[in-house]
Amino acid sequence: MNRGGCPSAARDGGGSRCAPSPWGQCGKPLECCPRANRGPHGGGCVRRSPAQEVCRLGPRDTQALLSATQAMELRKCDYHVERPLLNQEQLEELGHWSSKPGTQQWRVWFQCSRARARALLLQYLPVLAWLPRYPVRDWLLGDLLSGLSVAIMQLPQGLAYALLAGLPPVFGLYSSFYPVFIYFLFGTSRHISVGTFAVMSVMVGSVTESLAPDEDFVQDVNSTVNEEARDATRVQLASTLSVLVGLCQVALGLVHFGFVVTYLSEPLVRSYTTAASVQVFVSQLKYVFGLHLSSRSGPLSLIYTVLEVCWELPHSVVGTVVTAVVAGVVLVLLKLLNDKLQRHLPLPIPGELLTLIGATGISYGVGLKDRFKVDVVGNIPAGLVPPVAPNTQLFAKLVGNAFAIAVVGFAIAISLGKIFALRHGYRVDSNQELVALGLSNLTGGFFQCFPVSCSMSRSLVQECTGGNTQVAGAVSSLFILLVIVKLGELFQDLPRAVLAAVIIVNLKGMLKQFSDICSLWKTNRMDLLIWLVTFVATILLDLDLGLAVAVIFSLLLVVVRTQLPYYSVLGQVPDTDIYIDVAEYSEAREVPGVKVFRSSATVYFANAELYSDALKQRCGVDVDHLISQKKKLLRKQQLKLKRLGKEKQLQEQAASSKRTSVSISVNTSQGDIKSNNVEEPKAKQVNTEDGLKDTVVSDQEDAKAPDVFTLKALGLPQPDFHSLILDLSALSFVDTVCLKSLKNIFHDFREIEVEVYMAACHSPVVTQLEAGHFFDASITKQHLFASVHDAVTFAVQHPRSSPINPVLVTKL
């Protein structure tokens, strides 16, 4: 191309401008072009844009022009690749394949150096990595305000969630201090708020109330419950349980078992927390109505508790009900006000703390306990308690519940941690999170805390109020320490009904998860099934058994879904190397003589037989029936040949008995006798050679009978395809059952004169095929191709061979 974009052949003599062309740029002859549309040199039409052409054409012409324009755009995106047809052998040779060297990770674990020691220290104590680089000017003010806001929420929630655990409220304050400070040192999430949580508390409460029920502490004198002894026993149970939970989490973290949370899918976790919120709601009804109910745990305990609440409603304390309702209404109004004014307020209104302070003042001033029989919190000792060793005799009773609580607490913490990490652009180490939570619970167990996790509501407040690191958590724990040491005594007159109202109002977020039913019905019915089974199992069987049933059911559902994958026969998109399902795409066409089959799941012991059955069904040929018919006919032919062979042998024996010839020569001389003795073995040799010749001739005559039988020779119908291609791109691994199933497929289809090829197999799967001795003399790597198109091209170039081909026929 020369200047101006004109080809040199189209320039005029001087070469200064394009010579007039008899054709316009629009592709029409010059005489067909309007003069107004001709180019500046008079050579043809000026090419107009599609939009200009659309303005000048009618609706039908417009549609046709737009289609042509789209086709032109697609042509611009065309690409052309020329390469040889590649099977697995050629691909390995072309790509210089070599086995991947095995890595021995255990050697790295035992390496000892100064750099590795420093890396391990920073890995297991992350505060040493980020605290020296902490930007004080930028982040300190936000962390201080955030920590104060979280502490204001932590105080009432700690008191309330202790009731859920069946413990005195002060132990909720202990659980809001020790674990939070430990997580500040070892945690990797910068935004989650560790401490008391409703789900964890109700799981602890189910353990304490089942192992230390009120009935075990009834005094014989006046039939009242010895609350002091009961609370001491329950505190010992909860603290021992916290130690066990911490040990489980630390052990799982050290062995890098953080992936265990992957078995808890999001629908399962959301359903489980929803069911737990229902359990929490029911457990607080006795405080709302002022009832004294019997402690229940185990399967159907929730149903019995609801029935007992309904039965005891006539004995409700009116003052307690009014206190709970008023506190609940005030909390709801303050939360609504917070939502309205959150953009204009630097800090959210501490509605829960204000409600607790106001309720405590009113209870003290009016005397709710003495005048209206309203239960209050009671004595809150000031100061910290000394550490106490756990009761190791309780380990055997608590280990199962401890593992369930450890997994649930970690699942809630890591799910929230990953959400905040993704939002703010940092990484959360799941194994280190297990270690951090485990150390928090382990240390807290020695100081009479119950197991904790992180709270969604407090974590959102910590993020929204400017929290950037766990310095906010440290600030909140120091505020709680101040309350424990100096201010705890002020809440002795706080009504328990107010704490129940705080718990119920805070369940709003988890109870909203019932809307998952509608959304999952529209998006994924299988996830909806997991949600419903988890919810029903947790409600009916209690929290520990419900979680086990939910996990087992979700794993079984995965197995069932791999047993029922989507099988499809593929066809080629015209003029491409793309093969798609002919049932879904109307333009996809099957290649004549070639069947391409694909499964959407890997083939292993649970679905290998289903894979073979689906393959034979989709091919449109009753392979098993055809093989059985062929074998029957072959047996008949074999018996016929044996019968003919016996008849021929009898005929030959009869003919040989009739043919007798005797030659006698009498010679009396010694020389003639010697000559006869020499010639005698020669005669025997000649007779033997003649017999061999007769045998060979007989065998050749027998060979004239057909010893190779094809389907056509046997009078059986032939399949309408000569090649079968298995698209194995979905295979992620193979086992021995899969290998046997694939070999059987090769054998069965070769019996009906169909050659089988494999395509698109990943390199690790090929390695497993080799390790399983799948490839042999009959199935080589030449039957495995790099892509489906390679296999189809080869199959088209090598159609059904002649009947003598040993691959396609069966010999007797």
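Residues numbered from 1 in each chain as written. Predicted model: local features only at pLDDT ≥ 70, side-chain atom pairs only at ≥ 80, totals over all residues. Heavy atoms only, no water.

Focus on the packing of aromatic side chains
Now for step 1: This structure, assessed with the given rule, holds 20 aromatic pairs.
Now for step 2: Residues Phe514 and Phe535 carry aromatic rings whose centres are separated by 5.4 Å and whose planes lie at 75 degrees to one another, so their mutual orientation is edge-to-face. Placement of the pair is Phe514 in the loop between helix H23 (508-511) and helix H24 (516-523) and Phe535 in helix H25 (residues 525-563), with a sequence separation of 21 residues.
Now for step 3: On the accessibility criterion, Phe514 (32% relative accessible area) is partly exposed.
Now for step 4: Each member of the aromatic cluster is reached from another via a ring pair, and the members are Trp130, Tyr134, Trp139, Phe181 and Phe184.
Now for step 5: Across from the ring centre of Trp521, 3.7 Å away, lies the NZ or CZ of Arg525, which sits over that ring.
Now for step 6: Positioned above the aromatic ring of Trp97, the side-chain terminus of Lys781 is 5.7 Å from the ring centre. (Phe/Tyr/Trp six-rings, centres within 6.5 Å; stacked < 30°, edge-to-face > 60°. Helix = DSSP H or I, 4+ residues; strand = E, 2+ residues; numbered from the N terminus. Buried < 20%, exposed > 50% of the residue type's maximum accessible area, 1.4 Å probe, protein only. Lys NZ or Arg CZ within 6 Å of the ring centre and 35° of its normal.)

Remarks on empty space enclosed by the protein
Now for step 1: This model, assessed by the stated rule, comprises three cavities of 30 Å³ or more.
Now for step 2: Looking at the largest cavity, its volume works out to about 350 Å³.
Now for step 3: Lining the largest cavity we find 22 residues, and of these Glu209, Gln279, Ser283, Arg296 and Thr305 sit closest to its centre.
Now for step 4: Residue assignment for the lining of the largest cavity shows that the elements contributing at least two residues are helix H7 (136-164), helix H10 (198-211), helix H12 (266-283), helix H13 (285-289), helix H14 (301-312) and H25.
Now for step 5: At four residues, H10 tops the list of elements feeding residues into the lining of the largest cavity.
Now for step 6: Grouping the amino acids of the lining of the largest cavity by side-chain chemistry returns eight nonpolar, 10 polar and four charged.
Now for step 7: In this model, the second largest cavity occupies a volume close to 50 Å³. (1 Å grid on protein atoms, 1.4 Å probe; cavity = no way out; pocket = protein on both sides within 12 Å on 5 of 7 lines; lining within 4 Å. Points joined across faces, edges and corners; volume = space filled by probe spheres on them. Nonpolar A, V, L, I, M, F, W, Y, C, P; charged D, E, K, R; others polar.)

Describing the pattern of salt bridges
Now for step 1: Inspection of the entire model under this criterion finds 16 salt bridges.
Now for step 2: Residue Lys335 is joined to Glu352 by a salt bridge in which the shortest nitrogen-to-oxygen separation is 4.0 Å. Placement of the pair is Lys335 in helix H15 (residues 318-341) and Glu352 in helix H16 (residues 351-366), with a sequence separation of 17 residues.
Now for step 3: According to the relative accessible area criterion, Glu352 is buried, its value standing at 6%. (Salt bridge = Lys/Arg side-chain N within 4 Å of Asp/Glu carboxyl O.)

Quick notes on the pairing of strand S8 (residues 755-759)
Now for step 1: For S8, the buried fraction is high: five of the five residues fall into the buried class.
Now for step 2: Residues Glu755, Tyr757 and Ala759 point to one face of S8 and Val756 and Met758 to the other, with burial holding for every one of them.
Now for step 3: For strand S7 (residues 723-727) and S8, the ladder comprises five bridges, and the chain directions are parallel. Paired with Ser723 across the bridge in S8 is Glu755.
Now for step 4: With helix H30 (residues 736-751) bridging S7 and its parallel neighbour S8, the resulting β-α-β unit is right-handed.
Now for step 5: Alignment of S8 against strand S9 (residues 784-785), held across two bridges, turns out to be parallel. Within S9, the position partnered with Met758 by the bridge is Leu784. (Pairing = 2+ DSSP bridges. Right-handed = clockwise from strand over helix to strand, strands pointing away.)

Comments concerning the nonpolar core
Now for step 1: Membership of the largest hydrophobic core comes to 102 residues, with the highest contact counts inside it found for Val199 and Met203.
Now for step 2: With 15 residues, helix H18 (residues 395-424) is the largest single contributor of residues to this core.
Now for step 3: Within the second largest apolar cluster, 41 residues are counted, among which are Phe597, Leu626, Leu731 and Val765. (Core = buried A, V, L, I, M, F, W, Y, C linked by side-chain atoms within 4.5 Å.)

Details of the confidence of the model for the chain
Now for step 1: Confidence in the prediction of the chain, expressed as mean pLDDT, is 81, and 81% of residues score 70 or more.
Now for step 2: In the model of the chain, strand S10 (residues 810-811) stands out as the element of lowest mean pLDDT, 30, in contrast to S7, which has the highest, 96.
Now for step 3: The low-confidence segment residues 661-707, where pLDDT is below 50, has 12 contacts with residues more than four positions distant or belonging to other chains.
Now for step 4: Long-range and interchain partners of residues 802-812, a stretch whose pLDDT sits below 50, account for 24 contacts in this model, where long-range means more than four residues apart. (pLDDT = per-residue confidence, 0-100. Contact = heavy atoms within 4.5 Å.)

Here we look at the sheet that holds strand S5 (residues 594-599)
Now for step 1: Taken in spatial order, the six strands of this open sheet run S4-S3-S5-S7-S8-S9, and their pairing is mixed. Strands at the two margins of the open sheet, each flanked by one partner only, are strand S4 (579-581) and S9.
Now for step 2: Across the face of the sheet, H30 comes into contact with S7 and S8 while running at roughly 145 degrees to S8. (Axes fitted to C-alpha atoms, helices over the stretch in contact; angles between N-to-C directions.)

So, the environment of Arg190
Now for step 1: Here Arg190 is to be found in the loop between helix H9 (178-186) and strand S1 (193-195).
Now for step 2: It is 8.6 Å that separates the C-alpha atoms of Arg190 and Val471, two residues lying 281 residues apart in sequence.
Now for step 3: In this structure, Arg190 is in contact with Trp139, Tyr426, Gln462, Asn468, Thr469 and Gln470, ignoring residues within four places of it in sequence.
Now for step 4: Here Asn468 takes part through its backbone oxygen, which lies 3.0 Å from a polar atom of the side chain of Arg190. (Polar contact = N/O pair within 3.5 Å; in protein donor to acceptor, adjacent residues only side chain to side chain.)

Side note on the packing of H9 against helix H19 (residues 430-446)
Now for step 1: Closest axis-to-axis distance for the H9/H19 pair is 8 Å, and the angle between their directions is 150 degrees. The handedness of the crossing between H9 and H19 is right-handed. Contacts between H9 and H19 involve Tyr178, Pro179, Ile182, Tyr183 and Phe186 from the first element and Gln432, Glu433, Ala436, Leu439, Ser440, Thr443 and Gly444 from the second.
Now for step 2: Along the lines of polarity and charge, the residues of the contact of H9 with H19 split into seven nonpolar, four polar and one charged. (Left-handed = near helix turned anticlockwise from the far one by under 90°.)

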